[in-house]
Amino acid sequence: MAEVTFLEALRQGLWEEMERDDRVFMLGEDIGAYGGAFKVTDGFQKQFGEARVIDTPISEAAIVGAAAGAAHMGLRPVAEMQFIDFISCAYDMLTNYVATARYRAGLATPIVVRGPCGGYVRGGPFHSQNPEAAFFHTPGLKIVYPATARDAKGLIKASIRDEDPVIYLEHKWLYRRIKETLPEGEEILTPIGAARLAREGTDLSIITYGATVWKALEAAEQLGKEDGLSVEILDLRTLLPLDDAAIMTTVKKTNKVLIVHEDTRTGGVAGEIAARINEQAFEWLDGPIARVTAHDVPLPYASTLEDFVLPQTDDIVKAARWLAKY
Amino acid sequence: MPLHSVPEARSETPALPAELERPQLLELYRFLRLTRTLEERLVALYRQSKVIGGLFRSLGQEGESVAAAYALERGRHRDILSPLIRNLGAMLVMGAKPIEILRQYMAKAEGPTHGRELNVHFNDLDKGYLGQISHLGDMVPVMAGITLSFKMRGEPRVGLVYVGDGATSTGTFHEGLNFAAVQRCPLVVIGEYNHWAYTTPPEKQYAVKDLAEKAKGYGVHAVTVDGNDVLAVYAATKHAVERARRGKGVHFIEVKTYRRKGHAEHDDQSYQPKDEIERWAQQNDPVDRFVKQLLDNTWAEAAELADIDRAVKDEVDQATDACVNDPLPLPETALPGVYVQPAAAERLWFRGL
C-alpha cells in the first residue's frame, strides 16, 4: 500500500499499459525528453524509447489525425494535449474524422486524447477550460473525467483498452492536491460508463464530476454539521455515455437534485442530465432540478474574478439549502 | 487565357518505363477506360434519380488517378492509398469493384457502407484504400499516422494521399505534411492542380505558381509533372514510392491537370471559360494521349483496345444489372455501430407511439 497523488496514479496507469501492451504509444508536445508540461510522462521516453514516446510539432490536428491513422493499423495511441484548451484545434479531426469512423466506415479508432483541464489555478482563459460540452454532443466519442486518484488510474487504463476513441480529462487542480492509498500489485480498472457513489445520503442528491466532486464533499460535510442535511453525491466519472441508471437511482432515493459542474452553464452537461431526469424520473421529483455551474463568461485570470465566476463550495452549500427548503 | 499548366514543349514520347511490360500498359488502359465508362454509367443513373446524392466526375483527371495508384504495391498488408472524390480510378486500381461503387452511389443496403456514406467515401484496408471525409486536408494527418505505424513496425510499406489544389489551403494539410516530414514517414502526397476548387481559381487560392513550392517549404522532396501524361505520372510516383520505401521520407508530386466537369454533376460550370474546357478536351485528354502513345509506339493494336472497351462496357453493364434494383437499407439499421459498446444507439421514445 502506498499513498499516491492523482498525477502519480495517472502515471502508473499509463506506465502499466505501456509495459503490458507494446501497441500502446504516446505522442504530444514536449512529452518526451522533458516529460510533459506537468511531468505526467516524465521518464517514459527513457524507459520506452523515442519511437513510443514521440515529441511532436505544435499541431493538435496532426497529433489527433496521426493517432487515428495509427489506430486504424492496430496501434493504441495516447495523444496528449499540453493543455486541454488546445483540443479545440483538433475539434474537426475528433468530431468529423475520429468520431464517425466506425459508423461510416467500420474503422476501429481506439485512441485516447488526454490532457490537463480545469480552473481554480489562475490559468486565465486559455489554460483553464473544461471542453466536455463541445464533445458531449458528438456520437462516436467517449468522455471520461476522473475525480479520484484511483479512478485516474483505473480510467486511463480502461480508456487505453477501449475499442473506441476516448477523451480523458484530468483536472490539473487535482494533480497534486488529491492523494489516495492504492493497493500495489492489484490491477485497477474503472469501467467506462459507470458512475460512483461518492457519498451516501437521503435528503438531497448532488450529481457532479471532476474537481467539483471535492467541493461538493466539503459542502456536504458542512450541510450535515450545520443543517443536519444528509447529502448524497454521485461522481459521474464518465460523461459520455452517461450512467442514466445511477442518476435515476439517486433521484428516486432523495427526490431532490442539484447538478454541479465547473463548466459554464449554457449548453453544459447539467442541462442534458436535467432533461433526462425530467424524461425518466419526473414523478419522483419534490423540487426543481437546480444547477450550480460557472457563469457564462470566458474564464478570467485575476483571483477575485476567477473565484467569482467558478462555482465554489459556499455556492453549493447555499444552493443545497435553497433546494432542501423547497 | 494561356493553358499555363500544359508544358510549353511536349516531350518526345517517353521511353517505356523500365518496370512496365506490355500487359501492364494494357491494364493501365483498362483502368482508364473503366473509370470513364463507370462514371458515364453513374451519370445515367444520376439522371434517373437512382444515384440519390451528388455525383463527382474525374473527367480529364483519370490519368493521374490511375497512374499514381498503379505505382503502389497492391494486396493485403501492402501499400495504402487515400483517394479523393475524383480518384475513382485510383480505387479501381487498388481493387475496388464497379459494383461496390455503383451500390455506394445508389445507397444500397449491400453497399460497402450500407447506405451510410456517399460516393467513393469507403475503404477496404485489406485491399489498401482508406476513404476520405469531406473535410479536405484531413486525410494528410491520418495518412501520416498510417505511415508512422509502418515506420514504427519496420514494415516496408508506403502510403499515398491525394490532395486537391484547394485543399493545400487547409490547416490540416500543412500540419499533416509537416508532421510526416519531421517523422520521415514513408508517405507520397499527390497534389492535384486541377485549376478549380469548386468555383475558385488558383490565383484566389494561393500566391505560389506551383504547389510543389509549398511542399518544399517543409523540407519535402517535391516535383511537378504533367498530370495528363499517364507514363510521366507513373514514373514520378514509382520513383517517389521507391524512395519512400527506402526510408527517404515524404515525397510530394504535383500533377498539373484540369477538371473538365463541374464540382459535382449539378454544377453548370458557369464560372469556367468554355473555350478553356474545350481546349483541354481537344488537346489534352489523358486517355486520348495514352491511346496515341500506345498506338504510335506499337505497344498496342487498335483492335486490342477496342476489345478492352467492349469488355469494360460488359463489366459495367453486368455490375449495374446486378445491383440497380437492390433495396435501400432498412431504417432501423441506422442505429447500430457507433461504438462497440453500447452496440446500438437508443431508438427514441416517440417512435414507439
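## Regarding the sheet that holds strand S3 (residues 187-193) of chain B
Residues and elements named next belong to chain B.
So, step 1. Within the open sheet, the 5 strands sit side by side as S1-S2-S3-S5-S4. Their pairing is parallel. The two strands at the open ends of the sheet, each matched to only one other strand, are strand S1 (80-82) and strand S4 (221-226). Recorded for the sheet is a direction-independent mean angle of 20° between the axes of neighbouring strands.
So, step 2. Relative to strand S5 (residues 251-256), S3 runs parallel, the two being bridged by 6 bridges. In the strand pairing of S5, Glu192 is matched with Val255.
So, step 3. On the sheet, helix H8 (residues 230-245) packs against S3, S4 and S5 and is oriented at approximately 170° with respect to S5.

## Looking at the nonpolar core
So, step 1. Counting 198 residues, the largest nonpolar core has Val64 and Ala320 of chain A as its most contacted members.
So, step 2. Considering each element in turn, this core owes the most residues, 10 residues, to H8 of chain B.
So, step 3. Split by domain, this core shows at least three residues from each of two domains, domain 1 (2-182) and domain 2 (196-325) of chain A.
So, step 4. Apart from residues lying up to four places away in sequence, Val64 of chain A is in contact with Ala79, Ala90, Met93, Leu94, Val98 and Val113 of chain A.

## Considerations on the pairing of strand S14 (residues 290-294) of chain A
All names here are of chain A.
So, step 1. In terms of strand pairing, strand S13 (residues 257-264) meets S14 through 4 bridges, oriented parallel. Within the sheet, the bridge partner assigned to Ile259 lies in S14 and is Arg291.
So, step 2. Each parallel crossover has a hand, and for S13 linked through helix H10 (residues 269-281) to S14 it is right-handed.

## So, the pairing of strand S4 (residues 76-80) of chain A
For a regular strand, side-chain orientation follows a simple rule: the groups alternate between the two sheet faces.
All names here are of chain A.
So, step 1. The element S4 is extensively covered by neighbouring structure, given that 5 of its 5 residues are classed as buried.
So, step 2. Strand direction decides the pairing type here: strand S2 (residues 24-28) and S4, joined by 5 bridges, are parallel. The residue bridging Met26 from the neighbouring strand is Val78, located in S4.
So, step 3. Relative to strand S5 (residues 112-117), S4 runs parallel, the two sharing 3 bridges. Across the sheet, residue Ala79 finds its bridge partner in S5, namely Val113.

## Let's talk about the packing of helix H1 (residues 22-47) of chain B against helix H11 (residues 302-323) of chain B
Residue and element names in this part refer to chain B.
So, step 1. For the pair H1 and H11, the least separation of the axes is 9 Å and the interaxial angle reads 40°. In terms of orientation, H1 lies oblique with respect to H11. Handedness of the crossing formed by H1 with H11: right-handed. Counting all contacts with H1, which are made through Leu26, Tyr29, Arg30, Arg33, Leu34, Thr37, Leu38 and Arg41, the residues of H11 involved are Glu304, Leu305, Ile308, Asp309, Val312, Lys313, Val316 and Thr320.
So, step 2. In terms of residue class, the contact of H1 with H11 is built from 8 nonpolar, 2 polar and 6 charged.

## What to know about the domain arrangement of chain A
Residues and elements named next belong to chain A.
So, step 1. Partitioning chain A into structural domains gives domain 1 (2-182) and domain 2 (196-325).
So, step 2. Placing the centre of domain 1 and that of domain 2 at their C-alpha centroids yields a distance of 26 Å.
So, step 3. In this assembly, 24 residues from domain 1 lie in contact with 21 residues from domain 2.
So, step 4. Put simply, the parts of the chain that give the side of domain 1 that touches domain 2 at least two residues each are helix H6 (132-136), strand S6 (142-144) and helix H7 (149-161).
So, step 5. When its residues are assigned to classes, the side of domain 1 that touches domain 2 shows 13 nonpolar, 7 polar and 4 charged.

## Focus on the interface of chain A and chain B
So, step 1. Between chain A and chain B, the residue contacts involve 29 residues of the former and 32 residues of the latter.
So, step 2. Elements with a contribution of two residues or more to the side of chain A that touches chain B: helix H3 (60-72), helix H4 (91-98) and helix H5 (101-105) of chain A.
So, step 3. Looking at the side of chain A that touches chain B element by element, the count peaks at 9 residues for H3 of chain A.
So, step 4. The residue inventory of the side of chain A that touches chain B, partitioned by class, reads 17 nonpolar, 7 polar and 5 charged.

## Here we look at the sheet that holds S5 of chain A
All names here are of chain A.
So, step 1. Pairing within the open sheet is mixed, and its 7 strands lie in the order S3-S2-S4-S5-S7-S6-S12. A strand with exactly one partner marks an edge of an open sheet, and here the two such strands are strand S3 (53-55) and strand S12 (238-240). Sheet twist, expressed as the mean angle between neighbouring strand axes with direction ignored, is 20°.
So, step 2. Two strands pair when backbone bridges link them, and S6 and S12 are joined in this way by 2 bridges, in the antiparallel orientation. The residue bridging Val144 from the neighbouring strand is Thr238, located in S12.
So, step 3. Relative to S4, H3 is tilted by about 170°, and along the sheet it contacts S2, S4 and S5.

Definitions and limits used
- Residues numbered from 1 in each chain as written.
- Chains lettered and ligands numbered in written order.
- Predicted model: local features only at pLDDT ≥ 70, side-chain atom pairs only at ≥ 80, totals over all residues.
- Pairing = 2+ DSSP bridges.
- Helix = DSSP H or I, 4+ residues; strand = E, 2+ residues; numbered from the N terminus.
- Axes fitted to C-alpha atoms, helices over the stretch in contact; angles between N-to-C directions.
- Contact = placed C-beta atoms within 7 Å.
- Core = buried A, V, L, I, M, F, W, Y, C linked by C-beta atoms within 7 Å.
- Buried ≥ 20, exposed ≤ 12 C-beta atoms within 10 Å, placed from the backbone.
- Domains from an automatic or database assignment.
- Right-handed = clockwise from strand over helix to strand, strands pointing away.
- Parallel < 35°, antiparallel > 145°, perpendicular 65-115°, else oblique.
- Left-handed = near helix turned anticlockwise from the far one by under 90°.
- Nonpolar A, V, L, I, M, F, W, Y, C, P; charged D, E, K, R; others polar.

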